[in-house]
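Notes for the structure review
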Amino acid sequence: MELSEKKGHLINSLINEGILSTKEIIAAFRKVKREDFVQPQYREYAYADEPLPIIEGQTISQPYTVAAMTEALQPAAGQKILEIGAGSGYQAAILSEIIGEKGKIITTERIEKLAEFAAKNLRKASCMNVIVINFDGTQGYEKEAPYERIIVTARAPDIPKALIDQLKVNGIMVIPVEDQLLRIRKTEKGNIEKTFLGYYAFVPLIGKYGYKE
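Below: a short report on this structure. Source: prediction; values computed, not measured.

**Examining unusual backbone geometry**
The step from Ala-145 to Pro-146 runs through a cis peptide bond, and the omega angle for that step is 5°. Checked against the element boundaries, Pro-146 lands in the loop between strand 5 (130–133) and strand 6 (147–152). Phi is positive for Ser-126, which is not a glycine, with a value near 60°. Relative to the assigned elements, Ser-126 resides in the loop between helix 5 (112–124) and strand 5. For Ser-126, a relative accessible area of 54% gives the class exposed.

**With respect to the layout of surface pockets**
Reported here for the largest pocket is a volume of approximately 580 Å³. The wall of the largest pocket is formed by 36 residues, among which Gln-58, Thr-59, Thr-153, Ala-154 and Val-203 lie closest to the centre. Secondary-structure elements contributing two or more residues to the lining of the largest pocket are strand 2 (59–60), helix 3 (63–73), strand 3 (80–84) and helix 4 (90–99). Split into classes, the residues belonging to the lining of the largest pocket amount to 18 nonpolar, 14 polar and four charged. Reported here for the second largest pocket is a volume of approximately 160 Å³. Along its surface, the second largest pocket is lined by Glu-35, Asp-36, Val-38, Gln-39, Pro-40, Arg-43, Phe-117, Lys-120, Asn-121 and Lys-124.

**Quick notes on the packing of aromatic side chains**
This model, assessed by the stated rule, comprises five aromatic pairs. Seen from their ring centres, Phe-135 and Tyr-141 are 5.6 Å apart, and the 80° between their planes marks the pair as edge-to-face. Given a relative accessible area of 16%, Tyr-141 falls into the buried group. Considering the side-chain rings of Phe-196 and Tyr-199, the 5.0 Å spacing of their centres and the 65° angle between planes classify their relative orientation as edge-to-face. Taken together, the ring pairs in this structure connect Phe-29, Phe-37 and Tyr-90 into an aromatic cluster. Directly above the aromatic system of Tyr-90 lies the positively charged group of Arg-34, at a separation of 5.8 Å from the ring centroid.

Thresholds, definitions, all that
Residues numbered from 1 in each chain as written. Predicted model: local features only at pLDDT ≥ 70, side-chain atom pairs only at ≥ 80, totals over all residues. Heavy atoms only, no water. Helix = DSSP H or I, 4+ residues; strand = E, 2+ residues; numbered from the N terminus. Buried < 20%, exposed > 50% of the residue type's maximum accessible area, 1.4 Å probe, protein only. 1 Å grid on protein atoms, 1.4 Å probe; cavity = no way out; pocket = protein on both sides within 12 Å on 5 of 7 lines; lining within 4 Å. Points joined across faces, edges and corners; volume = space filled by probe spheres on them. Nonpolar A, V, L, I, M, F, W, Y, C, P; charged D, E, K, R; others polar. Phe/Tyr/Trp six-rings, centres within 6.5 Å; stacked < 30°, edge-to-face > 60°. Lys NZ or Arg CZ within 6 Å of the ring centre and 35° of its normal.

Encoded structure:
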């Protein structure tokens, strides 16, 4: 089976399961080539609904998880988004398509070689609205704050206060805390509203306000 056919089957499955439902997000999944964000030896498995090894002991999340997190984030054209944990760049590429030329994504990655890997993949995919920064994302990225959306792609022990502070009022953050995926909305009074999205497994979020190495 050709990769394009495998991709079609995967996306249709995610739609039928109700995981993918927003037309702009579906269009982004159809356009972005996941095979460009995995290592060459795993290319034929790019559209298996499972995580795959990348480099530095990390993984690219399974498409189901990327779809669920993207839908929960509710990204829209023109937004500024902070991603914590660039990985191979795949999640940022999906968001890049959705926010368009007037939007901007800052994606942090604490592992230098992985940041370089993500940047290379994103350049190859012509994602010109994404900036990859080798930085401890548990601190957010104050220089570009505030953000309309924040997405965290690793499991945190708690919600870092820095991320709440850098989220705009009425902004949305999607973050795994321990084994629970949460959607956080910041209210006008500066409080947060939490929505439980399900149980998921992620690699640990390492950093000043995350887990220690």
